[in-house]
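Take a look at the letters that make up each chain.
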2 protein chains.
Amino acid sequence: MLPAESDPLGRIMDGALAARQGRVIWIGADRELEKVVELDGDQLDAAGACVMPGLVDAHTHPVFAGTRADEFLARVSGASYRTQQSDERGIASTVRATRDADAGTLLELTQSRANRFLANGTTTIEAKTGYGLDLEHEAKSFAVLRGLAGRSPLRIVPTFLGAHVVPPGVDRAAYLRTLIDEMLPAFERRAEFCDAWCDEPAFTAAETRAILSRAKALGYRLRVHAAQLAPGEGPQIAAELEASSADHLEFATPAQVDALAKAGTVAVLCPGANFTTRGQRPPIDAMRRAELAMAIASDLNPGSSNAESLPLAMSLACVAWGMTATEVLLGATVHAARSLHLEGLAGCLRVGSFADCIVLDVESPEAIPYYLGVNRVLQTVAGGALWHLS
Amino acid sequence: MLPAESDPLGRIMDGALAARQGRVIWIGADRELEKVVELDGDQLDAAGACVMPGLVDAHTHPVFAGTRADEFLARVSGASYRTQQSDERGIASTVRATRDADAGTLLELTQSRANRFLANGTTTIEAKTGYGLDLEHEAKSFAVLRGLAGRSPLRIVPTFLGAHVVPPGVDRAAYLRTLIDEMLPAFERRAEFCDAWCDEPAFTAAETRAILSRAKALGYRLRVHAAQLAPGEGPQIAAELEASSADHLEFATPAQVDALAKAGTVAVLCPGANFTTRGQRPPIDAMRRAELAMAIASDLNPGSSNAESLPLAMSLACVAWGMTATEVLLGATVHAARSLHLEGLAGCLRVGSFADCIVLDVESPEAIPYYLGVNRVLQTVAGGALWHLS
């Protein structure tokens, strides 16, 4: 057993925790538990297993209808994700299917994804809109997220992603005007964050600056899809506007990485999307040198990463990118929570934090990425209550 | 809907099947079912889901104790699988842990793996010994497999892998004598197959020939771990001895691929092990040209592929190697079954086949690899009975 001060995970062997009203009220050695806490209510015996904070997924797109299995299979045979973006295919096809789905259907689909998140150990997600792309259908996406919050113990942090792409069949300048003048003000109270995709198939640097500056002025906190498919100014814009996160970052330069670290922005890396689009390795070494906080996210979406599993994302980050077990563990907990301004509440277990934890059939938390694509989560506790698929 | 004759998967839309005593007795259109079959017994409604044959995993090492998470994590930081093989580490460390475990513990561990196979859609596995590596402990491994067969509906095809590596602390020549003169005759009735690893850290071509020729003379059918880590004669030996399978094959030459196709040997590819050891791509294109049957296997083992999931292996084969959805689907069913001499019984659904099938939350079987590392299996039926984790 490592002494707590030299263990970046702060683990407790033979530990126990007590929770009340959804918060941790005590954590320590099991043998101390009954001396300090009066036990009433439900008890969960996790003897022999590993208990850790519920995972925090800082980048997901869970509100969508339709499938893009065909595009996944076309990429297997050599097509590129970039060339799959058009008015007919790619994100546009998901926008069409999502608009066509009624709110009830969309809620059912989104809830089935929430169940897979919980089953695979995630208790908090950042959840983007961005497949509605007009006032009516972005509002529907927010309503679905609100509906989900009423039905599922999954903790949901909503992000407005009207700046995903210019929707099919709409004039670019007109869309930007609607987005900035109507949609941003309309959704400010429904979203914690505003996000924009700054990359060739989506928005230019100038457009991204205009959108996110206006969002910031309206009171949104910011996230940026930046430099995923090509070099660009996205990471810089994230740093300039002190965004909470800059995401993907495959093509970020060392100077941009330094700027992000100075701005206190969290890098949210998306290994699933990187793997299925055969992207280049993000500049992990520059991020380490700059001490830029790195989160690991599933990037659940129907185009590039159709997976609600953070353990799988952690395995991919280890095997494909050479990240260490400690890096991916902190990336799926503490750093992800920081990017959502939930430091001390999610992604950790301490007095006052959310009583969100998972029980795993693993010999140590470091072994999670070693179990490649097979779920080792035995139980998920969210807000102090054991979750069951209902 | 594709006409059956042009669909390599022979799918039936709105289909149904009936089973009795563990075998399929009728399969066809749902609307015909009640006209031709008298319904008694249990019924399973899979409306809206995809039903397909239970997956067949043609290469697994499920009987072991201990963990090698440390080696996985060392490889993430640059160590090679090859250099991890020594008298202290690698396979030798699993041999030590497996010998130290009593049969009851080993059975519990193996059964937990069987449960994960079933949960992830696999209903038949080839199961190798090879972590005992002496008479006593190989016998214990066979006893565990026999015990498992009595407890689990997972169909198990046992393979004797005394020729995994030379066990730690044993003279090489002495081990070969024991293996050939004592172990091979002792286990002939307990195993369907004999396997040998022909590669630098394991056995030379001459040793492999000697072991497998003797095995063949004793009545074993053969499998060969061949050319995984370096070029070598393994694939040739498999072809010469008309082995049922040649496995891994990363370094097989085009001539060897042709020889395997002519011999009727099945190539059993192991994408999980390839991925975590950063191996090179097997010669898929040469295999296609030669019309060599390609199976996809999990290669479940504690060193290079700690995953009971064939869907994950299928995803990896698609994304990392560019295999098509049809190739990996046939690879995890028909071709895998053929390598186990279970053609027409496992990996397919037809009158007379095992009533082993899975119900999946996917839009089509081709979409399975698109769901990366997240289990989409809703139900597993093995031998006509719905499996539940007990």
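Anyway, here's the lowdown on the structure attached to this text. Along each chain, residues carry numbers from 1 onward, in the same order as the chain's sequence is written. Whichever chain is written first becomes A and whichever ligand is written first becomes 1, with later ones labelled in order. The predicted origin of the model limits local features to residues at a pLDDT of at least 70 and limits the giving and counting of side-chain atom pairs to 80 or more, whereas totals for whole chains, interfaces and linings rest on all residues. Excluding hydrogens and water, the side-chain figures rest on all heavy atoms present in the structure.

## Points about a negative patch on the surface
Taken together, the side chains of Asp14(A), Asp30(A), Glu34(A) and Asp45(A) define an acidic patch exposed on the protein surface. Working definition: with a 1.4 Å probe on protein chains only, accessible area under 20% of the residue-type maximum means buried, over 50% means exposed, and in between means partly exposed. Residue Asp14(A) is classed as exposed on the basis of its relative accessible area of 67%. Patch criteria: residues need more than 30% relative accessible area and no salt bridge. Like-charged residues are merged within 9 Å; nonpolar side chains of Val, Leu, Ile, Met, Phe, Trp and Tyr are merged within 5 Å. Residue-level accessible areas treat just the shown protein chains as cover; the underlying method is Shrake-Rupley with a 1.4 Å probe. We define a salt bridge as a side-chain nitrogen of Lys or Arg found within 4 Å of a carboxyl oxygen belonging to Asp or Glu. We score Asp and Glu as negative and Lys and Arg as positive, and we do not count His or the chain ends. Every charge is mapped to an atom, namely NZ of Lys, CZ of Arg, CG of Asp or CD of Glu.

## Considerations on the sheet that holds strand 7 (residues 193–198) of chain B
All names here are of chain B. If DSSP finds at least two bridges between two strands, the strands pair. Under the DSSP-based scheme used, a helix requires at least four consecutive residues in state H or I and a strand at least two consecutive residues in state E, with every element numbered from the N terminus. Pairing is parallel across the open sheet formed by eight strands, whose spatial order is 4-5-6-7-8-9-10-11. Looking along the sheet, the strands with just one partner apiece sit at the ends: strand 4 (55–57) and strand 11 (294–296). This sheet shows a mean twist of 25° between the axes of neighbouring strands, independent of strand direction. Bridge count between strand 8 (residues 221–226) and strand 9 (residues 245–248): four bridges; the pairing is parallel. For Val224, the partnering residue across the bridge sits in strand 9 and is Ala246. To obtain an axis, a line is fitted to C-alpha atoms, over the contacting stretch when the element is a helix, and the angle between two such axes runs from 0 to 180 degrees between their N-to-C directions.

## Describing the relation of the copies chain A and chain B
Both copies of the chain are placed relative to one another by a rotation about an axis and a shift along it. Its rotation angle being 180°, the transformation that places chain A on chain B also includes 0.0 Å of axial translation and leaves an RMSD of 0.0 Å. In short, the pair behaves as if placed about a two-fold rotation axis. Minimal C-alpha separation from the rotation axis in chain A is found for Gly373(A), amounting to 2.1 Å. Every residue pair with non-hydrogen atoms within 4.5 Å of one another is taken to be in contact. Take the interface residues of chain A: 100% of them recur as interface residues in chain B, which is what a same-surface contact looks like. The copies were overlaid with a least-squares fit restricted to C-alpha atoms from residues scoring a pLDDT of at least 70 in each copy.

## Brief notes about the environment of Leu107(A)
All names here are of chain A. Inspection of the secondary structure assignment puts Leu107 in helix 4 (residues 103–119). Considering only alpha carbons, one finds Leu107 and Leu33, 74 residues apart in sequence, at a separation of 41 Å. Dropping the residues within four chain positions of it, Leu107 is found in contact with Val144, Gly147, Leu148 and Arg151.

## A word on the packing of helix 5 (residues 135–151) of chain A against helix 6 (residues 172–187) of chain A
All names here are of chain A. Direction vectors running N to C along helix 5 and helix 6 enclose 20°, while the axes themselves pass 11 Å from each other. Classed by the angle they form, the pair helix 5 and helix 6 counts as roughly parallel. Once helix 5 is placed against helix 6, the crossing between them reads as right-handed. The segment helix 5 lies against helix 6, with Leu135, Glu138, Ala139 and Phe142 engaging Glu182, Met183, Ala186 and Phe187. Roughly parallel covers angles under 35 degrees, roughly antiparallel covers those over 145, roughly perpendicular covers 65 to 115, and oblique covers all other angles. The handedness criterion is simple: a crossing whose near helix is rotated anticlockwise from the far helix by less than a right angle is left-handed, and one whose near helix is rotated clockwise is right-handed.

## Let's talk about helix 2 (residues 69–76) of chain A
Within helix 2 of chain A, six of the eight residues are buried, which leaves the element mostly enclosed by the surrounding structure. Taken as a whole, helix 2 of chain A has its buried residues at Ala69(A), Glu71(A), Phe72(A), Leu73(A), Arg75(A) and Val76(A). Where helix 2 of chain A is buried, its residues contact helix 3 (91–100) and helix 10 (271–276) of chain A together with helix 12 (310–321) and helix 13 (325–331) of chain B. Among the residues trailing helix 2 of chain A, Gly78(A) stands out with phi positive, at a value near 115°.

## Examining the interface of chain A and chain B
Interfaces are frequently sized by the accessible area removed from exposure as the parts join. Listed by partner, the interface residues are 37 residues for chain A and 37 residues for chain B. A combined buried area of about 3200 Å² lies between chain A and chain B, and 66% of that area is made up of carbon and sulfur atoms. Inspection of the region where chain A meets chain B yields two salt bridges. The salt bridge involving Arg116(B) is made with Asp361(A); its shortest N-O contact spans 3.5 Å. Whenever two N or O atoms come within 3.5 Å, that pair is a polar contact, provided that in protein one can donate a hydrogen and the other can accept it, and provided that, for residues adjacent in sequence, both atoms are side-chain atoms. Where chain A packs against chain B, one counts 12 residue pairs in polar contact (both at pLDDT 80 or more). Of all elements in the fold, only helix 2, helix 10 and helix 12 (310–321) of chain A reach the threshold of two or more residues within the side of chain A that touches chain B. For the side of chain A that touches chain B, the element with the highest residue contribution is helix 12 of chain A, accounting for five residues. Tallied by class, the residues present in the side of chain A that touches chain B amount to 20 nonpolar, nine polar and eight charged. Once two parts are brought into contact, the accessible area they lose, counted with a 1.4 Å probe and summed over both, makes up the buried area. Asp, Glu, Lys and Arg are counted as charged, while Ala, Val, Leu, Ile, Met, Phe, Trp, Tyr, Cys and Pro are counted as nonpolar; the rest, among them Gly, fall into the polar class.

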